[in-house]
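So you can see what is in the structure, the chains are spelled out below.
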Amino acid sequence: MTASEGAAAATVKLKVPIPANGVDYRGKVVLAPMVRSGELPSRLLALHYGADLVWGPETVDHAMIGTTRSVNPSTGMVEYTKPPPNAQPSKKNPEAHKTPQLIYRLDPVRERGRLIFQIGTSDPDRAVAAARLVAADVAGIDVNAGCPKPFSTSGGMGAALLKTPDKLCAILRALVGSIVPEFQVGVSVKIRLLETPAETESLVRALCQTGITGLTIHCRTAPMRKTEPVKREQLKMIVDVCHMHGVACLINGDVAGRDEGMQLAREYGADGAMIATAAERNSSCFRAAEHGGMADWRELVEHYLRFAMEVDNKFGNTKYQLNILIPGREPLLKKMHTAPNYVAVCEALGYNSLVDQARVVDERLSISPEAKARKKAAKEAAIKEKDRQQQLLQNQEMKQQQQSNKRKFSDSSPTLRSTSPLSPPRKVLAEGEGNGNCNVAFGVSSQATPSATLV
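Numbering of residues starts from 1 in every chain and runs along the sequence as written. Per-residue local features are limited, in this predicted model, to residues with pLDDT of at least 70; the limit for side-chain atom pairs, both in listing and counting, is 80 or more; totals at the level of whole chains, interfaces and linings are taken over all residues. Only hydrogens and water are set aside when side-chain values are computed; all heavy atoms of the structure are taken into account.

K.L.:
Is there a simple way to explain unusual backbone geometry in this structure?
P.N.:
In most cases, non-glycine residues show a negative phi, while peptide bonds are predominantly trans. The residue Arg-36 is not glycine, and still its phi comes out positive at about 75 degrees. Strands here are runs of E lasting at least two residues and helices are runs of H or I lasting at least four, both read from the DSSP assignment and numbered beginning at the N terminus. Turning to its location among the elements, Arg-36 is positioned in the loop between β1 (28-31) and α2 (40-48). Categorising residues by exposure relies on relative accessible area from a 1.4 Å probe, with only protein chains included: less than 20% of the type maximum marks a residue as buried, more than 50% marks it as exposed, and the intermediate range marks it as partly exposed. Of the residues examined, Arg-36 reaches a relative accessible area of 42% and is grouped as partly exposed. One non-glycine residue, Gln-184, adopts positive backbone phi at about 60 degrees. Tracing the backbone through its elements, the reader meets Gln-184 in the loop between α6 (165-183) and β9 (186-193). For Gln-184, a relative accessible area of 30% puts it in the partly exposed group.

K.L.:
Could you clarify how one ought to interpret the sheet that holds strand β5 (residues 78-82) in this entry?
P.N.:
Paired through their backbone hydrogen bonds, the strands of a sheet run either parallel or antiparallel. Two strands are said to pair when DSSP picks up at least two bridges between them. In space, the three strands of this open sheet follow the order β4-β5-β6, with antiparallel pairing throughout. The open sheet has two edge strands, β4 (68-71) and β6 (101-106), and neither has a second partner. Adjacent strand axes in the sheet meet at a mean angle of 30 degrees, parallel and antiparallel pairs treated alike. As paired strands, β5 and β6 are joined by five bridges and run antiparallel to one another. Each axis is a line fitted through C-alpha atoms, and for a helix only the stretch in contact is used; angles between axes span 0 to 180 degrees, taken between their N-to-C directions.

K.L.:
Before we go on, may I ask you to explain the packing of helix α11 (residues 297-310) against helix α12 (residues 315-325) in this structure?
P.N.:
Each pair of packed helices gets described by two things: the angle between the helix axes and the distance between those axes. As a packed pair, α11 and α12 sit with axes 11 Å apart at the nearest point and diverge in direction by 170 degrees. When the interaxial angle is binned, α11 and α12 end up roughly antiparallel. Between α11, through Trp-297, Leu-300, Val-301, Tyr-304, Leu-305 and Ala-308, and α12, the contact on the second element is made entirely by Asn-317, Thr-318, Gln-321, Leu-322 and Leu-325. Side-chain classes are defined by residue name, with Ala, Val, Leu, Ile, Met, Phe, Trp, Tyr, Cys and Pro counting as nonpolar, Asp, Glu, Lys and Arg as charged, and the others, Gly among them, as polar. Classifying every residue of the contact of α11 with α12 by side-chain character gives eight nonpolar, three polar and no charged. An angle below 35 degrees is treated as roughly parallel, one above 145 as roughly antiparallel, one from 65 to 115 as roughly perpendicular, and anything else as oblique. Any pair of residues with heavy atoms lying within 4.5 Å of one another is described as a contacting pair.

K.L.:
I would appreciate a short explanation of the state of the cysteines in the present structure.
P.N.:
Here a disulfide denotes a covalent bond joining the sulfur atom of one cysteine to the sulfur atom of another. We call a pair of cysteine sulfur atoms a disulfide when they lie within 2.5 Å. Evaluated as defined, the whole model comprises zero disulfides. With no disulfide of its own, Cys-208 lies 4.0 Å from the sulfur of Cys-242, the closest cysteine sulfur. In this structure Cys-208 comes out as buried when scored by relative accessible area, which is 5%.

K.L.:
Please explain α11 as it appears in this structure.
P.N.:
Helical geometry note: an α-helix holds 3.6 residues per turn, so side chains three or four residues apart project in the same direction. Over its 14 residues, α11 runs 20 Å from end to end, which matches the ideal 20 Å to within 8%, given 1.5 Å per residue. Of all the positions in α11, only Trp-297, Leu-300, Val-301, Tyr-304, Leu-305, Phe-307, Ala-308 and Met-309 are classed as buried. Between the side-chain oxygen at the start of α11 and the backbone nitrogen of Arg-298 there is a gap of 2.9 Å, and the oxygen is on Asp-296. Count one or two residues on from α11 and you reach Asp-312, which has phi positive near 60 degrees. Working rule for helices: expected span equals 1.5 Å times residues minus one. Each polar contact in these results corresponds to two N or O atoms within 3.5 Å; when the atoms are within protein, one needs to be able to donate a hydrogen and the other to accept it, and residues that are neighboring in sequence are counted only if both atoms are side-chain atoms.

K.L.:
It is not clear to me how the packing of aromatic side chains should be interpreted in this structure. Could you clarify?
P.N.:
Note on aromatic pairs: each is described by the distance of the centres and the angle between the planes. For Phe, Tyr and Trp, where Trp contributes only its six-membered ring, two rings pair if their centres lie within 6.5 Å, and the inter-plane angle classes them as stacked under 30 degrees, edge-to-face over 60, or tilted in between. A full pass over the atoms with the stated rule returns three aromatic pairs. Ring centres of Phe-315 and Tyr-342 lie 5.1 Å apart, and the angle between their planes is 70 degrees; on these two criteria the pair is classed as edge-to-face. With Phe-315 in helix α12 and Tyr-342 in helix α14 (residues 342-349), this residue pair connects regions lying 27 residues apart in the sequence. Its relative accessible area of 11% is what places Phe-315 among the buried residues. Here, over-ring charges are defined by two tests on the NZ atom of lysine or the CZ atom of arginine: distance to the ring centre within 6 Å, and angle to the ring normal within 35 degrees. Sitting over the ring of Tyr-320, Arg-36 keeps its end group 3.7 Å from the ring centre.

K.L.:
Sorry, what's going on with the pattern of salt bridges here?
P.N.:
Pairs can form between side chains of opposite charge whenever their charged atoms are close. Any carboxyl oxygen of Asp or Glu within 4 Å of a side-chain nitrogen of Lys or Arg constitutes a salt bridge here. For the structure on display, the rule yields 17 salt bridges. Taking the shortest distance from any N to any O, the salt bridge between Arg-126 and Asp-61 comes out at 3.1 Å. With Arg-126 in helix α4 (residues 124-134) and Asp-61 in helix α3 (residues 61-64), the pair connects residues that are 65 residues apart, well separated along the chain. The exposure class of Asp-61 is buried, given its relative accessible area of 0%.

Shown next, in the form of structure tokens:
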């Protein structure tokens, strides 16, 4: 069946069943998966301004496998952590081996039913193992088959899967066969265009036959950069193939906001749109014009800071995102760059109402001046204690060596050996006994007073 024939068949409105705990992508404008810019505070900001769904940042299966799920008692957030790889205590960081590595964090209340976990994988078994850990906390599992960056493609993941369609289909079938029945959440995939419409159509058709509920198409090929204009010539064909199999199709690539996303969906017959770069710069792009449209950066940043502190977001990541949210020509940006903690950021940007909250968070994250001083003192004390233990060990080894040397000297000394209980008994000869030449040898007269001679 050709794409045109499929378009006619799509009028039947086939629809892959949505699992009980899953979510339908139809009629939605969603936040794209973004490394660093897709952490929890950014997702909460997008939801605040009207995003229907949010994708978390791509999380590699190897990183997820081996994690432990826990609820942070201070924030209520669900966190997946694991021991840091090859972390050994050192003088610079004696507590390195005790600090868990945060792999994934989510909000079990505000993200409930609206968070899609995107996995980076190149193996069906690992994909299932990683997805099984988090599936109960999310509304869907999405496979990244579109990221062209080397950290993803070098491991056979991301856009590299476009060159191995059989492997990609195997991964999707494994997830659909294991995760869907066990957790009742849907499985989807995000891809890019291939070089020719025929290649793209063949791939999309194969993907839609794996049992997925949704497909997102980034309207660029893998070699294209985000500065290059998108190519939407194949979009209608892709949508038709998806609908032929009852799969929801989202548009991605240079979508500026909710209004434009829905307009593009209507124009090409798609089911919704995914926003990346525009949302990274200003998440209020998810708010329709009739509901207020784009917000001023100061309002945006204040909300972002609140969310970041509510979830104990890593301060380095917060500064990274603020650098994107605050316009480059703002004088306050330079002050923010030098801020060492949340209190300094709030004071520099003039958000005085957030300072008290910032103090609590800085203390919890050990980045307040007092916490840093305690940490420094503890580190110095740990180093001193380690040096003391090493010195004690060296002294003990030196003492043992001295004792060993003393025993060796004792065993090799003739004088000491003669008095040893193990030495043969000395024979006492009275004068005149034994060899008579004995006394002559010692120059002693035979008339002398009898004496004992040691032989």
